[in-house]
Each structure stands twice: as C-alpha cells, then as structure tokens.
Amino acid sequence: MITRSVVGKLWLTIVAVGTIALVTLGMLLAQLFQNYFYTRETRDLGGIADAVVRVLAASSSRGDALAVATALVANENRTLVFIRPEEVGRAREPVRSMLEDPRFQPAWRGERVAFQGRYPVARDGGTVEEAFIVVAAGFPAERGTNVVLLYESTAPVREAIGSIDRLIFFAIVFALLTTTVFALFLTRRITLPLRDMIRAANHIAEGNYSLRLDYDFQDEVGSLARSFNHMARKLEETLTTLKRQTDERERILVSLGEGVLSVDRALQIRLANPHARRLLERAFGERDRLPEPLAALFRRTIEQRKGEEALLEAGGVHLIAVTAPLLDDDETLGAVGVLRDTTRQRQLDQLRQDFIANVSHELKTPLAMLQGYTEAILDGLFTSPEELRELVNIIYEEILRMGRLVNDLLDYTRIETGNFALDIEEIALEPLFDRLQRRYQPMFTERDVAFVVDNRAPGRFWLDRDRMEQIFINLIDNALRYTPPGGEIRITAERLASGLRLSVRDTGEGIPPEDLPFVFERFYKGDKSRTRGKGGTGLGLAIVKRLVEAHGGTIAVESAVGRGTTFVIDLPLATVPPAPKEGDE
C-alpha cells in the first residue's frame, strides 16, 4: 500500500498540508474580499446618499433633483428610491421588506443607516431571497421626514468569491500534480537507494559480504550509502577473521592426536573432533552420544565444578580421560574433556618389557657360557688342542650372536631416528640373489632345507643394494629359524603393472592369527613356548618394514599355522624404471 512507503507518506503529507493551506488561504481571502467589498460599497453608497440628500434639500424642482440623483448613482447594480412616509404602503419588494426592517427605522428620524440583509425579489415568475447592501438617509421636508434609499445586490461579491474558490481548486489540482512529480523525483533520489540498501542488506544476511552500494551523493543518502559500505566492509573483515580463527581451531582439533569433547549441562555432545569420535566408536560403539562411563565422569565434573581424571578400558581400548568444567562467571555451561588412547603405549610398554627380558635372556646365556668356558680353560680342565679349539669356537659363536644383537639394535635406532639415507642405484636382482645363495647354501644343506630363487623380473631397478640385501637376510633368517628339515624357502621376484613384487615364502610352523598384527612391531616375538631357543632379537622384521617403507613400498604377511608363512613386498612404480622394449639394447 502507498501509505506503507516513505514516498507515499511524504506525498500524502505534502498534499494534505498544501490542501489545508490553500483552503485556509481561500477562506481568508473570501472573507477579506467580502469585508472589503461591504466596507467599500457601504462607504460609496453612504456618500451618494448624502449627496442626494443635499441635492434634494437645495433644489426647488423635485424632478431636476431626481435626475441629478440618478446621475450620481450611475450603476445598474445600484437602485435609488425616494420615499415619503405616505408611500410606504405602496412600495414593492424588496423595498417593502427593507422599510419594514427594524434597522431602517432610524432613517425616519433623519439619521443615515447602513446594513445587509436578505430580501425577497420577484424573478422568473417566482420569489427568491437575495442579499443586498442597504443605505438610507432621512432629511426634513414640508410634510415630515423623507428618506433616500440606496440598495445594491451582493451577487458580484458572490461571483468574485466563486472565482476565488475555483482558483483555489485549480491551485490544489496543480499542487497535487506538482507533488506527484516531486514524489517521482524522490523515488529516484531516495526510495531507489533505500530499496538498493534493503536488497544489499538481504544479500549480506545471506552471506554475500562483498556487495557494495555505488551512491556518491553529497547528502544524507550518500552518507547513508558510505556508512553502509563501511559497515559491510568491517563486517566482512570481522567475519573473515572469525572464519579464519574458527578454521584454525577446527584444523587444530582435527589434527590433534588426542580426542577433544565438549558437552553441555544435559551431557549432550556439542563439539567433538574426529579422533574423539573414532575413539568412542572403537571403545564403546558410540559416535554421537556419551557412553555411561564417560557420562558419569562429565557429570561429576559439572556438579562438583572441578576437573576429573580417570583411566577407562572398553573394547580392548585403554583411555585416559581428563575433564574440566566450562564456567561463565557463577554459571556452569558444561564441560570439556580430552581422551588419550594409551592402548599402543601399553603395548609398547609390554613389548619393551619383553625386549628387556629377551635381551637379558639372550645376553645372559652366552655370557654365562663364556664365563663357564673361560673359567674351565683357566682352571685347566681342558688341555688337549682339540678340546681347546672346540671351546674357542663356542666362545666365538656366542660373541657373534651378541654382535648380531648389538648390530640389530644400532640399525633399528638409526632407522627410527632418521640417521640413515638410502644409496639408490640402478641394480639387477640376479647378482643379489646369487650372493644370497652363496651365503646361505651351506646352512640350507646342513639343515636339509631347500632354497629356491624364482626370478621373473629381469632388467635393472633403482634400489639400495645393501639395504635390499639386509631385507632379504632378515627375512631368510626368520624363515630358516622356523622351517623344519625337509622344508622349503622360496624367493620370488616379478614385475607387475604397478611395480616390483618380491616375496619370501617358507613351509615352516606358521604364525598364529592373534600374532599376525604384531609381527612387525619392534621387540615382538611370538609365543614364548614356540620361539624359545630359536634365537633372534625381535628387531629383524621391524627393521625390514622400515627399510621397505623407506623405498616407498609396503610389506604384508600371510600365514597359517602348520602351513608356513609368506612375506610380500610391493615397491611402487615410481621406484621402478619402465621395462625395456623388445629390440632395445
């Protein structure tokens, strides 16, 4: 509706004020004109009446006096009547009514009177009332007082007032047209910028903070547009800063290695980073609500308004939960908590304990043997050269065993700390396999284990020669340790579309399913009843995995108890040059 818009309200206000002003002015002008006309005509008629009285009083001939008086009037709208007292009864309208008017009576006493009134007039076969200005003046005569009566119709005044009313009407119409044109101008100058500002505000409310207004007026509209643009720019900067800070906090929460939770007083999760949800799902099978152990911990934190710490275990997952209340002055809004997965740490602690026990055992046995044999030699218990040579060989083997343990520890430490680098070069696999066969053939022959190399990957590959040999040595040692006489250890190499695949398969005892996830863990050795007396330090497979990963590859294990074990190494295509085409030299 027009009354709901700024321009409509302004237009109606201007029209109303203008109309009221023009109507009031017209009424005042009509009243002033009417008063002015009455005053002027009364004065003129009074002057004429006085002149006629003087003429009649001074003239001896009534006819000449009346001719002179008629000439003095000289106005068709004015009427002059000479009245004697005996002629009153014969007078016609409107003179009769004027003579009967009480205001006329002083004229019979020789006074001059002037008044207005409405008196009947015969017109068009009927009688109508018409307004007149009446002036009468009496003067003495032989038979009493005679009266000169002058009257004039006010119709010209009414016509003039009607003209003024029409002028006012046309002025109002003109004012309405002018106001409409002015409203159209205001629509372009005020309303359109305001509508643009409304649209811009709606766009900003929808998230488009880059919108700006292009109004450079040097008035209030221009100032409003500049203030709007300044507000939008500040709002965009503020929201951009807040978004950047929020994104940074979210990235921090996402990248945290610990779970972060925030709950309200109703223990509903308000914030949780992905790691926290994964921990809840792994441990309790819940992602979007607090399980009861955690709910109880958060409930105590909110009720007691102090931090809590607890050790939780569920689903094979060990957690440390640390909580703290969220306070706003004297009000508790909720609580925040940190979940730390200590499962692997516990496993590593167990592995470390096992490693210490294994190292202690592995060192204790050769050291005890070295001590015993050395004491036997010192005590002279063995005197023949053959016995002494056998003791020295035993001592030497135990020293080598301790040396392997120390070397494995040093290798693993260098790999873990990053203090080593691969020496990548283009090599062929055939020489590597030849060296392995020469190295292990006596051992395989002695243990009655077949050693087979199936090389289906001719050509040259970009690898670290020494580290690849170390990988195969550790895998072969591990396979030889658990393969019984009559078994077989097979090395296979083949080129695939994705790269190079190497495998070491044995027909040994196999690995139980519960041990498979941990075979590449450092310090890990399988069932003590199965591994006792097998040697090894528990570091070989961990070293193999790190070296394969250093080449950019992966290693996997497949095993079944009683059927043997297969280790499969896949080196990505990025580390393998393209195979030569047929006919290339």
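How each quantity is defined
- Residues numbered from 1 in each chain as written.
- Predicted model: local features only at pLDDT ≥ 70, side-chain atom pairs only at ≥ 80, totals over all residues.
- Heavy atoms only, no water.
- Phe/Tyr/Trp six-rings, centres within 6.5 Å; stacked < 30°, edge-to-face > 60°.
- Pairing = 2+ DSSP bridges.
- Helix = DSSP H or I, 4+ residues; strand = E, 2+ residues; numbered from the N terminus.
- Axes fitted to C-alpha atoms, helices over the stretch in contact; angles between N-to-C directions.
- 1 Å grid on protein atoms, 1.4 Å probe; cavity = no way out; pocket = protein on both sides within 12 Å on 5 of 7 lines; lining within 4 Å.
- Points joined across faces, edges and corners; volume = space filled by probe spheres on them.
- Nonpolar A, V, L, I, M, F, W, Y, C, P; charged D, E, K, R; others polar.
- Expected span 1.5 Å × (residues − 1).
- Contact = heavy atoms within 4.5 Å.
- Core = buried A, V, L, I, M, F, W, Y, C linked by side-chain atoms within 4.5 Å.
- Buried < 20%, exposed > 50% of the residue type's maximum accessible area, 1.4 Å probe, protein only.
- Patch = residues over 30% accessible without salt bridge, like charges linked within 9 Å, V, L, I, M, F, W, Y side chains within 5 Å.
- Areas by Shrake-Rupley, 256 points an atom, 1.4 Å probe, with all protein chains shown as cover.
- Salt bridge = Lys/Arg side-chain N within 4 Å of Asp/Glu carboxyl O.
- Lys, Arg positive; Asp, Glu negative; His and termini not counted.
- Charge placed at Lys NZ, Arg CZ, Asp CG, Glu CD.
- Left-handed = near helix turned anticlockwise from the far one by under 90°.
- Polar contact = N/O pair within 3.5 Å; in protein donor to acceptor, adjacent residues only side chain to side chain.
- UniProt positions renumbered as here; feature names shortened; annotations may be inferred.

**Some details on the packing of aromatic side chains**
This model, assessed by the stated rule, comprises seven aromatic pairs. Each residue in the set Y440, F444 and F451 is aromatic and connected to the rest through ring pairs, giving one cluster.

**Let's talk about the sheet that holds strand β4 (residues 144-153)**
The strands that make up a sheet pair up through hydrogen bonds in the backbone, lying either parallel or antiparallel. Overall, antiparallel pairing links the four strands, which are arranged β1-β4-β3-β2 in an open sheet. Each edge of the open sheet carries a strand with a single partner, namely β1 (78-83) and β2 (112-123). Within this sheet the neighbouring strands show an average axis-to-axis angle of 30 degrees, counted without direction. Relative to β4, β1 runs antiparallel, the two sharing six bridges. Considered in β4, the bridge of F82 is made with V148.

**Regarding the layout of surface pockets**
Taken as a whole, the second largest pocket holds about 200 Å³ of empty space. Put simply, the parts of the chain that give the lining of the second largest pocket at least two residues each are β3 (126-141) and β4. A class-by-class count of the residues in the lining of the second largest pocket yields three nonpolar, two polar and four charged.

**As for helix α7 (residues 292-304)**
Spanning 13 residues, α7 covers 18 Å between terminal C-alpha atoms, matching the ideal 18 Å at 1.5 Å per step. Those residues of α7 hidden inside the fold are in contact with β5 (259-264), α6 (274-284), β7 (308-314), β8 (317-328) and β9 (331-341). Positive phi shows up at R305, right after α7, with a value of about 55 degrees.

**Quick word on the nonpolar core**
L429 and F472 are the most contacted members of the largest nonpolar core, which totals 43 residues. Per-element tally for this core: the top contributor is helix α11 (residues 465-482), with eight residues. Ignoring any residue separated from it by four or fewer positions in sequence, one finds F472 in contact with L432, F433, L436, I491, L502 and V504. In this structure, L261, I269, L297 and L339 belong to the second largest nonpolar core, which totals 23 residues.

**Observations regarding a negative patch on the surface**
Among the surface-exposed residues, D328, D329, D330 and E331 lie close enough to one another that they form a single negatively charged patch. Within the element layout of this structure, D329 appears in the loop between β8 and β9. Judged by relative accessible area, which is 69%, D329 ranks as exposed.

**Description of the pattern of salt bridges**
For the structure on display, the rule yields 23 salt bridges. A salt bridge links R78 to E152, with the shortest nitrogen-to-oxygen separation between them at 3.3 Å. A residue pair is termed long-range when its members are at least 10 positions apart, and R78 in strand β1 and E152 in strand β4 qualify at 74 residues. Exposure remark for R78: the relative accessible area of 14% places this residue in the buried category. One salt bridge in this structure joins E549 and K545, with 3.4 Å as the shortest N-O distance. Here E549 and its partner K545 are both found in helix α13 (residues 540-550), four residues apart, which amounts to about one turn of the helix. On the basis of relative accessibility, which here comes to 40%, the residue E549 falls in the partly exposed class. Relative accessible area serves as the criterion here: at 26%, K545 is assigned to the partly exposed category. One salt-bridge network, held together by shared partners, links R40, E41, D44, R78 and E152.

**Observations concerning unusual backbone geometry**
A negative phi angle is the norm for most residues apart from glycine, just as the trans form is the norm for most peptide bonds. The linkage connecting E93 with the following residue, P94, adopts the cis geometry, with an omega of 10 degrees. For R305, which is not glycine, the phi torsion reads 55 degrees and is therefore positive. You can see R305 is positioned in the loop between α7 and β7. Under the relative-accessibility criterion, R305 is labelled partly exposed at 36%. The phi dihedral of D448 is positive, around 55 degrees, even though this residue is not glycine.

**Digging into the packing of α11 against α13**
It is the contact of α11 with α13, at a shortest axis distance of 9 Å, that shows an interaxial angle of 150 degrees. Two packed elements cross with a definite hand, and for α11 against α13 that hand is left-handed. Two secondary-structure elements touch here, α11 through R467, Q470, I471, N474, L475 and N478 and α13 through G540, L541, I543, V544, L547 and V548. Class assignment of the residues belonging to the contact of α11 with α13 gives a composition of seven nonpolar, four polar and one charged.

**Overview of the side chain of E130**
On the secondary structure map, E130 appears in strand β3. In terms of polar contacts, E130 uses its side chain to reach the side chain of S153, at 2.3 Å. In contact with E130, other than residues within four places in its own chain, are G117, R118, Y119, V121, R123, S153, A155 and R158.

**Quick word on the UniProt feature "transmembrane region" (unreviewed entry) in the chain**
Summarizing the sequence annotation, UniProt attributes the feature "transmembrane region" (unreviewed entry) to residues 12-33 and 167-186 in the numbering used throughout. Structurally, residues 12-33 comprises 100% helix and 0% strand, and the distance from its first C-alpha atom to its last is 31 Å.

**Section: the sheet that holds strand β14 (residues 499-506)**
Reading across the sheet, the five strands line up as β11-β13-β14-β16-β15 and stay open at both edges, with mixed pairing between neighbours. Only two strands of the sheet have a single neighbouring strand rather than two, namely β11 (450-456) and β15 (554-560). Sheet twist, expressed as the average angle between the axes of neighbouring strands with direction ignored, equals 10 degrees. With eight bridges connecting them, strand β13 (residues 488-496) and β14 associate as antiparallel partners. Bridge pairing in β14 places R490 opposite R505. Across the sheet, α13 lies against β15 and β16 (564-572), angled at about 140 degrees from β15, the strand it touches most.

**Remarks on the pairing of strand β6 (residues 269-272)**
Looking along a regular strand, one sees the side chains alternate between the two faces of the sheet. Here β5 runs beside β6; their pairing, made up of three bridges, is antiparallel. By the bridge assignment, L261 is partnered in β6 with A272. Between β5 and β6, which pair antiparallel in sequence order, lie four residues; one of them, L267, sits at a positive phi of approximately 65 degrees.

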